[in-house]
Amino acid sequence: MKILGISGSPRQGGNTETLVRAVLEGAAARGCDTELVSLGGLQIGECLGCNQCADTFRCVLRDDMQRLYQKLEEADGLVLGSPTYFYQVTGLTKLFLDRLYAYEAFDEKDRSVWLSPNEVFGLKYAVTVAVCEQRDEADMGYTSIAMDRTLQAVGYRVVDSVKALRFFARGEARKDEEQLEKARRAGNRLADTLLLAQKVRQSR
Ligand SMILES: Cc1cc2nc3c(=O)[nH]c(=O)nc-3n(C[C@H](O)[C@H](O)[C@H](O)COP(=O)(O)O)c2cc1C
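Keep in mind that this is a model prediction, so the values were computed, not measured.

**Looking at helix 6 (residues 143-153)**
Two residues of an α-helix separated by three or four positions point the same way, owing to the 3.6 residues in each turn. Of the positions making up helix 6, those classed as buried are Thr143, Ser144, Ala146, Met147, Asp148, Leu151 and Ala153. Contacts from the buried residues of helix 6 go to strand 3 (77-83), helix 4 (91-99), strand 5 (114-115), strand 6 (124-131) and strand 7 (156-164). Gly155 lies just past helix 6 and shows a positive phi near 90 degrees.

Dropping the structure here:
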């Protein structure tokens, strides 16, 4: 079982990366293969809304997202993290999320009829991680919901949505054993969900 971790923070070694890594550790402890990719420094262009993906479910833009599509397709699970930037995900994370539009299919006559190819070929599972500096969850704004709803739309069931408050300085999360343990437990749950899916599949 493969799990891909993606950090949407431009800050390498920051709190988001630390906590995404902790979720991956939790999954690795259950036997999953894991890989962490940071969006910082990658060339990910904005979705042009050209709709050329409508029939192929492939994006025509040639940039680093192509490598990520391949990794997403090879992975059974995804851990996606973003810091809160003004009550939202970072611009980097939004660029990534918008490019997942290639994984939606719409009825030609009625766009209210839609699904994700992932639902058809095999639902995937995810954990999201939102990180902010304030102590009130309201100050995270739409950070978790922007990730959770988008991933749900493209065929992921979000098994846990980790919310980490009060982290500001780079890597501060590394010193918070309680928060790290919460993140590891989310990784355990993601791996256990995949194991359960495997067991059900084998019972047929
Ligand atoms: C441009 C910018 C906007 C931010 N907006 C918010 C915010 O709306 N609410 C909040 O609690 N923290 C906000 N923060 C703080 C970050 O979410 C916080 O420092 C986080 O730990 C950064 O994660 P990282 O170490 O993974 O980059 C903001 C930081 C930056 C740079």
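Anyway, onward from the coordinates.
**Digging into the environment of Lys182**
Inspection of the secondary structure assignment puts Lys182 in helix 7 (residues 177-203). Judged by relative accessible area, Lys182 falls into the partly exposed class, the value being 41%. Each C-alpha atom, one on Lys182 and one on Val23, is 8.4 Å from the other, the two residues being 159 residues apart in sequence.

**Focus on the pattern of salt bridges**
Should the charged atoms of two oppositely charged side chains come close, the side chains can pair. Inspection of every chain in the model, using the stated rule, returns 10 salt bridges. Its salt-bridge partner being Asp63, residue Arg99 comes within 2.8 Å of it at the nearest N-O pair. Of this pair, Arg99 sits in helix 4 while Asp63 is found in the loop between helix 2 (53-56) and helix 3 (65-74), placing the two residues 36 residues apart along the sequence. For the pair formed by Arg99 and Asp63, the shared burial category is buried. When the shortest N-O distance is used, the salt bridge between Arg189 and Asp160 registers 2.2 Å. With a gap of 29 residues between them, Arg189 in helix 7 and Asp160 in strand 7 connect regions that are remote in the sequence. Relative accessible area serves as the criterion here: at 39%, Arg189 is assigned to the partly exposed category. Bridged by salt links that share partners, the residues Glu25, Glu177, Glu181 and Arg184 form one connected network.

**What to know about a nonpolar patch on the surface**
On the surface, a cluster of nonpolar side chains totalling about 340 Å² of accessible area is made up of Leu115, Val120 and Phe121. Of note, Leu115 is situated in strand 5. Classification of Leu115 as partly exposed rests on a relative accessible area of 34%.

**Things to note about the pairing of strand 7**
Burial analysis of strand 7 places 7 of its 9 residues in the buried class, the great majority of the element. In the sheet, strand 6 pairs with strand 7 via 8 bridges, with the strands oriented parallel. In the strand pairing of strand 7, Thr128 is matched with Ser161. As for the winding sense of the linkage, the β-α-β connection from strand 6 through helix 6 to strand 7 is right-handed.

**Describing the site of the ligand**
The immediate surroundings of the ligand are formed by 17 residues, with Ser9, Asn15, Thr16, Thr84 and Phe167 found nearest. One of the side-chain nitrogen or oxygen atoms of Arg11 is found 2.9 Å away from an oxygen atom of the ligand. With respect to the ligand, the backbone of Glu133 contributes an N or O atom lying 3.1 Å from an oxygen atom. Here the ligand has 650 Å² of accessible area as a free molecule, and 82% of this is covered by the chains. Taken together, the residues of the shell around the ligand sort by class into 8 nonpolar, 6 polar and 3 charged.

Definitions and cut-offs
Residues numbered from 1 in each chain as written. Predicted model: local features only at pLDDT ≥ 70, side-chain atom pairs only at ≥ 80, totals over all residues. Heavy atoms only, no water. Buried < 20%, exposed > 50% of the residue type's maximum accessible area, 1.4 Å probe, protein only. Helix = DSSP H or I, 4+ residues; strand = E, 2+ residues; numbered from the N terminus. Contact = heavy atoms within 4.5 Å. Salt bridge = Lys/Arg side-chain N within 4 Å of Asp/Glu carboxyl O. Patch = residues over 30% accessible without salt bridge, like charges linked within 9 Å, V, L, I, M, F, W, Y side chains within 5 Å. Areas by Shrake-Rupley, 256 points an atom, 1.4 Å probe, with all protein chains shown as cover. Pairing = 2+ DSSP bridges. Right-handed = clockwise from strand over helix to strand, strands pointing away. Near = heavy atom within 4 Å. Polar contact = N/O pair within 3.5 Å; in protein donor to acceptor, adjacent residues only side chain to side chain. Nonpolar A, V, L, I, M, F, W, Y, C, P; charged D, E, K, R; others polar.

Distances and angles like these do not, on their own, reveal function.
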